[in-house]
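Here's the letter readout for the chains.
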Amino acid sequence: MNLQAIQEALREIGADAWLFYDHHYRDPIAYRILGLGGGLHVTRRWYYLVPAYGEPKKLVHRIESLRLDGLPGQKEEYSSWQELEAKLERLTTGATKIAMQYSPRNAIMYVSMVDAGTVELLRSWGKQIVSSADMVSRFEAVLTEEQVASHYKAQVLLDEILAAGWEQIGDRVRSSGTDEFTMVNWLKEKIEQAGMITEHGPNVSVGPNAADSHYEPSPSSSRPIRKGDFVLIDIWSKMAGDPNAVWYDITWTGVVDREPTEREQQTFATVTAARDAAIKTVEEAFAANRPIAGWEADEASRTVIRNAGQAAWFTHRTGHNIAIELHGNGAHLDNLETHDERLILPMTCFSVEPGLYYPGAFGLRSEVNMITRPGKAVVTGKIQRELVRI
């Protein structure tokens, strides 16, 4: 835990304290920010109050009294619920504006870890509970130079694997044939051979399956890949063996042994224009040192698609934060699923991936990653400028 950094963040937002609270690992964010690690046997509620000034305070159950001993601050213990409430009220004395993993109206659900009852209890004592969302971004999403380097290392390797994957599809289609699930396994094997890991992906989606933005091929659902097909590949990985490595996550599309149709070309032009509008919006904001929230970048992308009369087919946010988790806890590019008012901070990474999905026909998404620095924001890998001819 970086106590000084937490207290500086509290003073910047004008909060009196940050109250961390957990029961049964409901709040993994707290464990990471406090440096508690995993593997603790937690069956009782604990509370850790970090004030903007002064020494932290802890409240733990007597039968799990050692759970927070690795953290600085005075410790109180409780057994009964009456004792818990009395000591928690005393713990928060002097703090009126308290940050917690809470989001008004559950607008930013990614940080909504604290239960309503706990918020109600604190409010009954006159406390104002505010969201810790921007501070969580600061501690969860801001990357070190080593982490940025790990992202670029994965980028180089994965771009090469994807390029080889397109060639492999073409070779197999023109010889013995192939299918979605076979190519997923081929890509997985290449990722592992390159010293990287992935999660449940990648995804290889053909024709109508590409219209499902979260389609995952299985042996039973796998569709053959044939001449004339439209193919979408969504692929992501990070370096193996490094718990702090950062993901690289991209999506490209192509057609097998033919030229794209007029509809495919128009869709690609609309999607890539939307992608580039979001990229430009972020680039210009950082170049001007102007704060920019996640929803603003989404709106830039969504406006292009809306003006093209295709808004009904753009059914997800424009992008997500990327860190040691594929979908990290920093600002998302989102003004659809949420109105994400979190700021896109320097030294963070995120995807830009608008898409259009036509059920029963095809879906098209173009995804790149960006990394920000003070005064600058850049796309980290190759940018697809035309549909791949497989």
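Cut-offs used in this document
Residues numbered from 1 in each chain as written. Predicted model: local features only at pLDDT ≥ 70, side-chain atom pairs only at ≥ 80, totals over all residues. Heavy atoms only, no water. Phe/Tyr/Trp six-rings, centres within 6.5 Å; stacked < 30°, edge-to-face > 60°. Helix = DSSP H or I, 4+ residues; strand = E, 2+ residues; numbered from the N terminus. Buried < 20%, exposed > 50% of the residue type's maximum accessible area, 1.4 Å probe, protein only. Lys NZ or Arg CZ within 6 Å of the ring centre and 35° of its normal. 1 Å grid on protein atoms, 1.4 Å probe; cavity = no way out; pocket = protein on both sides within 12 Å on 5 of 7 lines; lining within 4 Å. Points joined across faces, edges and corners; volume = space filled by probe spheres on them. Nonpolar A, V, L, I, M, F, W, Y, C, P; charged D, E, K, R; others polar. Expected span 1.5 Å × (residues − 1). Arc of directions from axis to C-beta. Contact = heavy atoms within 4.5 Å. Polar contact = N/O pair within 3.5 Å; in protein donor to acceptor, adjacent residues only side chain to side chain. Pairing = 2+ DSSP bridges. Axes fitted to C-alpha atoms, helices over the stretch in contact; angles between N-to-C directions.

Looking at the packing of aromatic side chains
Turning to step 1, where the next piece is worked out: If you walk through the whole model with that rule in mind, you get eight aromatic pairs.
Turning to step 2, where the next piece is worked out: Measuring from centroid to centroid gives 4.9 Å for Tyr21 and Tyr47, while their planes differ by 20 degrees, and the two rings are stacked. A residue pair is termed long-range when its members are at least 10 positions apart, and Tyr21 in strand β1 (residues 17–22) and Tyr47 in strand β2 (residues 46–51) qualify at 26 residues.
Turning to step 3, where the next piece is worked out: Note on Tyr21: relative accessible area 10%, which makes it buried.
Turning to step 4, where the next piece is worked out: Among the aromatic residues, those joined into a ring-pair cluster are Phe230, Trp313, Tyr358 and Phe362.
Turning to step 5, where the next piece is worked out: The aromatic ring of Tyr358 is capped on one face by Arg263, whose charged end is 4.3 Å from the ring centroid.
Turning to step 6, where the next piece is worked out: Stacked on the ring of Phe314, the Lys or Arg Arg302 has its end atom at 4.0 Å from the ring centre.

Concerning empty space enclosed by the protein
Turning to step 1, where the next piece is worked out: All chains considered together, the criterion is met by one cavity of 30 Å³ or more.
Turning to step 2, where the next piece is worked out: As a volume, the largest cavity reaches approximately 50 Å³.
Turning to step 3, where the next piece is worked out: Lining of the largest cavity is provided by Ser137, Ala141, Asn321, Gly330, Ala331, Leu343, Ile344, Leu345, Thr348, Cys349 and Phe350.
Turning to step 4, where the next piece is worked out: The residue makeup of the lining of the largest cavity, split by class, is seven nonpolar, four polar and no charged.

Thoughts on helix α7 (residues 180–193)
Turning to step 1, where the next piece is worked out: Under the 1.5 Å per step criterion, the end-to-end length of α7 is 20 Å for 14 residues, consistent within 8% with the ideal 20 Å.
Turning to step 2, where the next piece is worked out: Residues Glu180, Met183, Val184, Trp186, Leu187 and Ile191 constitute the buried set of α7. Buried residues in α7, looked at end-on, bunch into an arc of 165 degrees, giving them a common side. Summarising the geometry of α7, the exposed residues directed more than 90 degrees from the buried face are Glu192 and Gln193.
Turning to step 3, where the next piece is worked out: Looking at the buried side of α7, the elements it contacts are α6 (145–173), β7 (178–179), β8 (196–197), β9 (203–206), β10 (224–225) and β11 (230–239).
Turning to step 4, where the next piece is worked out: Regarding α7, its N-cap is Asp179, as a side-chain oxygen of that residue lies 3.0 Å from the backbone nitrogen of Phe181 further along.
Turning to step 5, where the next piece is worked out: Positive phi shows up at Gly195, right after α7, with a value of about 80 degrees.

Some words on the sheet that holds strand β4 (residues 74–78)
What holds strands together in a sheet is hydrogen bonding between their backbones, with the strands either parallel or antiparallel.
Turning to step 1, where the next piece is worked out: One open sheet holds the six strands; their spatial order is β4-β3-β2-β1-β5-β6, and the pairing between them is mixed. Only two strands of the sheet have a single partner each, and these edge strands are β4 and β6 (128–131). Looking at each pair of strands side by side, their axes are set apart by 25 degrees on average, direction ignored.
Turning to step 2, where the next piece is worked out: Bridging between β1 and strand β5 (residues 97–100) involves two bridges; their strand directions are parallel.

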